[in-house]
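# Reading the structure
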Amino acid sequence: MERLRGPAASQVALLDAAACPEEEGLPKAVCPKEEEEEEEEYRRPVTFTLGNEILGLGPASEFQNPDADIYMHFLMSHCCYDAIPTSCKLVIFDISLEIKKAFVALVANGVRAAPLWDSKMQSFVGMLTITDFINILHRYYRSPLVQIYELEEHKIETWREVYLQGSFKPLVYISPTDSLFDAVYSLIKHKIHRLPVIEPVSGNVLHILTHKRILKFLHIFGSTIPKPRFLKKTVQELCIGTFRDLAVVPETAPIYTALEIFVDRRVSALPVINDAGQVVGLYSRFDVIHLAAQKTYDNLDISVREALQQRSICLEGVLTCYPHEPMEDIIDRIAKEQVHRLVLVDENRYPRGIISLSDILQAIVLTPAGIDALNS
């Protein structure tokens, strides 16, 4: 992979494009030696406040048992290079690219984020993610009759200047020789879902690490080590997940309401509920990017129900779990289905919480080390 130098012939660089999807097979775990009903009412975030009646109290003791640090030590002993697939797709954007073209390119290539290259600085300066698309729509959308000029005309660098307003933060990245434990800490500490792996000598981006990739690595190679006893405990006993003030969205609410909740609550997915308050779907940030593919982002007044019915491809559906299920089954289900979260429901399918990859990795990797990066 050659490092980009100066203005490329194309502003969209497609590197290591392979026929296989982004989450293809893992390589051998070997580290190199050198080197993710009223309109007025809908304009306000909708929340579902939950008590602790179905959950046990403090799970801290479960993660202090002698075998609780097995996964912590396993990830400490493996480097980021171990989790990089043998073949994957990586898209890089120059910041001079028009932002609309960038989002269309993300969809066309089936990726959720791309590193940003600044030709003047000759370095990577950030990431373009679905969150940027959501923030643009949320900031500039007015009505179906008004074109979103900023999305049609702005370049990536213009959006960064407007959104960041001069408070440019250094790109959070990691070296291929750093441990996967360090990668988990960085992802959760900085509340990001994509962590570029950058080779320090050449400056090349080798891969984008995600929570899902790390859990998949742990799920596959972790079978060679003993399992911690806390995996036999139930969700109710361990209290892993978000259970209070859960953000949900009614299926009859307009998409713009979902965008408001994404921005205001900084959540990545919303359980969709019917009039009875039961979970009938899941609307995630990734669903929003397909507004660009379908060119329907000019009308954000359609309902969430309609948006879910118009999905152009089969996306992550709503997968649920119950308080009485053991943590081992929860992890197996998430890994098998390759989803980012499960919605915790009761026997009547009322939402009681969400268990995300961040929650799981915090609990099984960082908590045994005495680190609470999730709430810091």
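Rules and cut-offs
- What you see as residue numbers is a count from 1 along each chain, following the sequence as written.
- Per-residue local features of the predicted model are confined to residues with pLDDT of at least 70, and side-chain atom pairs are confined, for both listing and counting, to 80 or more; whole-chain, interface and lining totals are unaffected and use all residues.
- The basis for every side-chain value is the complete set of heavy atoms in the structure, and neither hydrogens nor water enter the calculation.
- To qualify as a helix, a DSSP run of H or I must reach at least 4 residues; to qualify as a strand, a run of E must reach at least 2; elements of each kind are numbered from the N terminus.
- Residue exposure (1.4 Å probe, protein chains only): buried if accessible area is under 20% of the type maximum, exposed if over 50%, otherwise partly exposed.
- Note on areas: Shrake-Rupley, 1.4 Å probe, and residue coverage restricted to the protein chains presented here.
- What pLDDT conveys is the predictor's confidence in a given residue, as a value from 0 to 100.
- Contacts were defined at the residue level, with two residues in contact if any of their heavy atoms lie within 4.5 Å.
- Note on geometry: axes are C-alpha line fits, over the in-contact stretch for helices, and angles between N-to-C directions span 0 to 180 degrees.
- By definition in this entry, angles of less than 35 degrees are roughly parallel, angles greater than 145 are roughly antiparallel, angles of 65 to 115 are roughly perpendicular, and the rest are oblique.
- For any pair of crossing helices, the crossing counts as left-handed if the nearer helix is rotated counterclockwise from the farther one by less than a right angle, and right-handed if it is rotated clockwise.
- Residue polarity is assigned by list, with Asp, Glu, Lys and Arg as charged and Ala, Val, Leu, Ile, Met, Phe, Trp, Tyr, Cys and Pro as nonpolar; anything else, Gly included, falls into the polar class.
- For this analysis, a ring pair means two rings from Phe, Tyr or Trp (six-membered ring only for Trp) whose centres lie within 6.5 Å, classed as stacked if their planes differ by under 30 degrees, edge-to-face if by over 60, and tilted for the remaining angles.
- Nonpolar cores are built from buried Ala, Val, Leu, Ile, Met, Phe, Trp, Tyr and Cys residues. Side-chain atoms within 4.5 Å join them into one set.
- Two strands pair under a simple rule: DSSP has to find at least two bridges between them.

A count of helical and extended segments in the protein chain gives 14 helices and 14 strands. Relative to its full complement of 376 residues, the protein chain shows a buried share of 52%. Accessible surface, the protein chain as shown: approximately 17300 Å² in total, 50% of it carbon and sulfur.

Detailed reading of the predicted coordinates is not advisable wherever pLDDT falls low. Residues of the protein chain with pLDDT of at least 70 account for 76%, and the chain-wide mean is 80. Counted against residues more than four places away or in other chains, residues 1-25, with its pLDDT under 50, gives 67 contacts. Segment residues 27-58 is flagged for pLDDT under 50; beyond a separation of four residues in sequence, or across chains, it makes 83 contacts in the model.

Geometrically, a packed helix pair is captured by the angle between its two axes and the distance between the axes. As a packed pair, helix H13 (residues 327-337) and helix H14 (residues 357-366) sit with axes 12 Å apart at the nearest point and diverge in direction by 130°. Put simply, H13 runs oblique to H14. Seen along the crossing, H13 lies across H14 with a hand that is left-handed. Between H13 and H14, the contacting residues are Met327, Ile330, Ile331 and Ile334 on the first element and Leu357, Ile360 and Ile364 on the second. Partitioning the contact of H13 with H14 into residue classes produces 7 nonpolar, no polar and no charged.

The next point concerns the packing of aromatic side chains. By convention here, two paired aromatic rings are described through the distance between centres and the angle between planes. Here the structure, examined in full by the defined rule, presents 5 aromatic pairs. When the centroid spacing of 4.8 Å and the interplanar angle of 55° are considered together, the rings of Phe103 and Phe133 count as tilted. A residue pair is termed long-range when its members are at least 10 positions apart, and Phe103 in helix H3 (residues 99-108) and Phe133 in helix H4 (residues 130-140) qualify at 30 residues. A relative accessible area of 1% places Phe103 in the buried class. Residue classification places Phe133 among the buried residues on the basis of a relative accessible area of 1%.

One finds Leu75, Leu209, Met327, Ile330, Ile360, Ile364 and Val365 to be the most contacted residues of the largest nonpolar core, which totals 46 residues. A total of 7 residues in this core trace back to one element, the largest contributor, which is H14. Here Leu75 is in contact with Ser179, Leu180, Phe181, Val184, Ile214, Phe217, Leu218 and Val365, once residues within four sequence places are set aside. Counting 44 residues, the second largest nonpolar core, distinct from the first, contains Tyr141, Ala247, Tyr256 and Val304.

The next subject is the environment of Ala247. Inspection of the secondary structure puts Ala247 in strand S8 (residues 246-247). Take Ala247: its relative accessible area is 5%, and that puts it in the buried class. For the pair Ala247 and Leu270, spaced 23 residues apart in sequence, the C-alpha separation works out to 6.3 Å.

Below, the discussion takes up the sheet that holds strand S13 (residues 341-345). The 3 strands lie next to each other as S12-S13-S14, forming an open sheet whose pairing is mixed. Each of the sheet's edge strands pairs with one partner strand only, and the pair in question is strand S12 (320-321) and strand S14 (351-356). Of the pairings in the sheet, the one linking S13 to S14 comprises 5 bridges and is antiparallel in character. Looking at the pairing, Arg341 lines up with Ser356 of S14.

It helps to recall that an α-helix has 3.6 residues per turn; residues three or four apart then point in one direction. For H4, the tally of buried residues reaches 9 of 11 residues, placing the bulk of the element in the interior. Buried within H4 we find Ile130, Asp132, Phe133, Ile134, Asn135, Ile136, Leu137, His138 and Tyr140.

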